[in-house]
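# Residue-level structure breakdown
Given next are the chains, with one letter for each unit.
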Amino acid sequence: MMINNRPVFLNLFQFRFPIAAIMSVGHRASGVFMVLAFPFLVYILDLSLHGEAGFAAARDILQSLPVKLVLFVMLWALLHHLLAGIRFLLIDFDIGVDKLSGRFSAWAVMLAAPVLALLIGMLS
Amino acid sequence: MTRQASGFRAWILQRISAAYLGLYFIYIIGYFILSPPTSITAWKLWISNPINSVGLMLFFVALLIHAWVGFRDVVIDYVHPIMLRVGILSLTALGLVGSGLWVARVIFLGSAPL
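Residues numbered from 1 in each chain as written. Chains lettered and ligands numbered in written order. Predicted model: local features only at pLDDT ≥ 70, side-chain atom pairs only at ≥ 80, totals over all residues.

## What about the overall build of chain A?
Applicable threshold: Where helices and strands are cited, they refer to DSSP runs of H or I of at least four residues and of E of at least two residues respectively, numbered from the N terminus. The quantity called the radius of gyration is restricted to C-alpha atoms. Its globule counterpart is 2.2 Å times the number of residues to the power 0.38. C-beta atoms are placed from the backbone for every residue, and two residues are taken to be in contact when these atoms lie within 7 Å.
For chain A, the helix and strand inventory stands at four helices and zero strands. A globule of 124 residues ought to have a C-alpha radius of gyration of about 14 Å, yet chain A, at 20 Å, is considerably larger. Overall size of chain A, expressed as C-alpha extent along the three principal axes, is 65 × 35 × 30 Å. Look at the contacts in chain A between residues 6 or more apart in sequence, and 72% of them connect residues 24 or more apart.

As structure tokens, this is what we get:
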């Protein structure tokens, strides 16, 4: 076994996080959030296919204000996850690996996700 | 595939499922923006089309694979006590497989004609 007695510094409040790190944490957090939200969405899908009454009930749930707010956060999480995922895939293909474009694309993901979520939310 | 290669398998599964999920999400968000189903009849008609029900089923298979690999990575990174890790991962697997069976039932029954 390796002897490991290096000093460890893990005070998260004193770390300086580059934007790509914050964006990456957002990728993980949004993923976990969506996994937890999954059964709720299956429930809505189930309800919406239970005849006239079920369809109306599902629509009422989706159109109530608190649920709409949760749906907006979910949409934001989804778009952040999707855009960050596309960024990671491009990096897998050696596109945008250098520091400057990495920083730029991280900012683009951070900003584009809420803007797109607002746009889609207003359209639907 | 050997045990040693399972990291690569998870990595590649994560990316293939991501590609399908990404494309499907763009399609489904487009559908709900452009022509959202306004009645149970329209909704049933959409989901009873084999292209849509099978596409949706595939979507959930890709989603479960993707969610499992991603969630497992997060748990392995942050949860170190082995019994706690095994507990969380077991519950997650049960939850994901359960949700998957539930959604399969919903799509099978829901796509039957009205």
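## Observations concerning the overall build of chain B
Going by this rule: Any residue whose C-beta has 12 or fewer other C-beta atoms within 10 Å is treated as exposed, any with 20 or more as buried, and any in between as partly exposed, C-beta atoms being built from the backbone.
Across its full length, chain B carries four helices and zero strands. From first element to last, N terminus to C terminus, chain B shows the α and β order α-α-α-α. Against the compact-globule benchmark of 13 Å for 114 residues, chain B has a radius of gyration of 17 Å, which places it well outside the compact range. Along the first, second and third principal axes, the C-alpha atoms of chain B reach 50 × 25 × 25 Å. The buried share among the 114 residues of chain B stands at 18%.

## Some details on the nonpolar core
Quick note on the threshold: Each nonpolar core reported here comprises buried Ala, Val, Leu, Ile, Met, Phe, Trp, Tyr and Cys residues connected via C-beta atoms within 7 Å.
Grouped together as the largest cluster of nonpolar side chains are 15 residues, with contacts concentrated most on Phe59, Phe60, Leu63 and Ala67 of chain B. When contributions to this core are tallied by element, the ones reaching two or more residues are α1 (6–34), α3 (50–78) and α4 (82–110) of chain B. Phe60 of chain B has contacts with Gly100 and Val103 of chain B, leaving out every residue within four places of it along the chain. Counting residues in each nonpolar core, the second largest holds 13 residues, with Trp76, Leu79, Ala106 and Val109 of chain A among its members.

## So, the interface of chain A and chain B
Just so we agree on the cut-off: Ten residues, namely Ala, Val, Leu, Ile, Met, Phe, Trp, Tyr, Cys and Pro, are considered nonpolar, four, namely Asp, Glu, Lys and Arg, are considered charged, and the remaining ones, Gly among them, are considered polar.
Listed per partner, the contact involves 22 residues of chain A and 19 residues of chain B. Elements with a contribution of two residues or more to the side of chain A that touches chain B: α1 (19–48), α2 (51–63), α3 (65–92) and α4 (99–123) of chain A. The element that contributes the greatest number of residues to the side of chain A that touches chain B is α1 of chain A, accounting for 10 residues. Per-class residue counts for the side of chain A that touches chain B are 14 nonpolar, five polar and three charged.

## Some details on the confidence of the model for chain B
As a reminder, the rule being used: The quantity known as pLDDT measures the predictor's confidence residue by residue, on a range of 0 to 100.
On average, residues of chain B score 90 in pLDDT, and 93% of them reach the 70 mark or higher. Model confidence for the complex is summarised by a pTM of 0.89, with the ipTM given as 0.88.

## Some remarks on α3 of chain A
Residue and element names in this part refer to chain A. What counts, and what does not: Here a helix's expected span is defined as the number of its residues, less one, multiplied by 1.5 Å.
Its 28 residues place the ends of α3 40 Å apart at the C-alpha level, agreeing with the 40 Å of an ideal helix rising 1.5 Å per residue. Of the positions making up α3, those classed as buried are Trp76, Ala77, Leu78, Leu79, His80, His81, Leu82, Leu83, Ala84, Gly85 and Arg87. Immediately beyond the C-terminal end of α3, within one or two residues, lies Asp94, with a positive phi of roughly 65°.

## Looking at the packing of α3 of chain B against α4 of chain B
All names here are of chain B. What counts here: Axis definition: a line fit to C-alpha positions, over the contact stretch in the case of helices; interaxial angles, taken between N-to-C directions, run 0 to 180 degrees. Should an angle fall under 35 degrees it is taken as roughly parallel, and over 145 as roughly antiparallel, whereas 65 to 115 is taken as roughly perpendicular and any remaining angle as oblique.
Running from amino to carboxyl end, α3 crosses α4 at an angle of 175°, the nearest separation of the two axes being 11 Å. With respect to α4, the element α3 is oriented roughly antiparallel. Residues Ser53, Leu56, Met57, Phe60, Leu64, Ala67, Trp68, Phe71, Arg72 and Val75 of α3 touch α4, and the partners they reach there are Arg85, Ile88, Leu89, Thr92, Leu96, Gly100, Val103, Ala104 and Ile107. Residues belonging to the contact of α3 with α4 are distributed by class as follows: 14 nonpolar, three polar and two charged.

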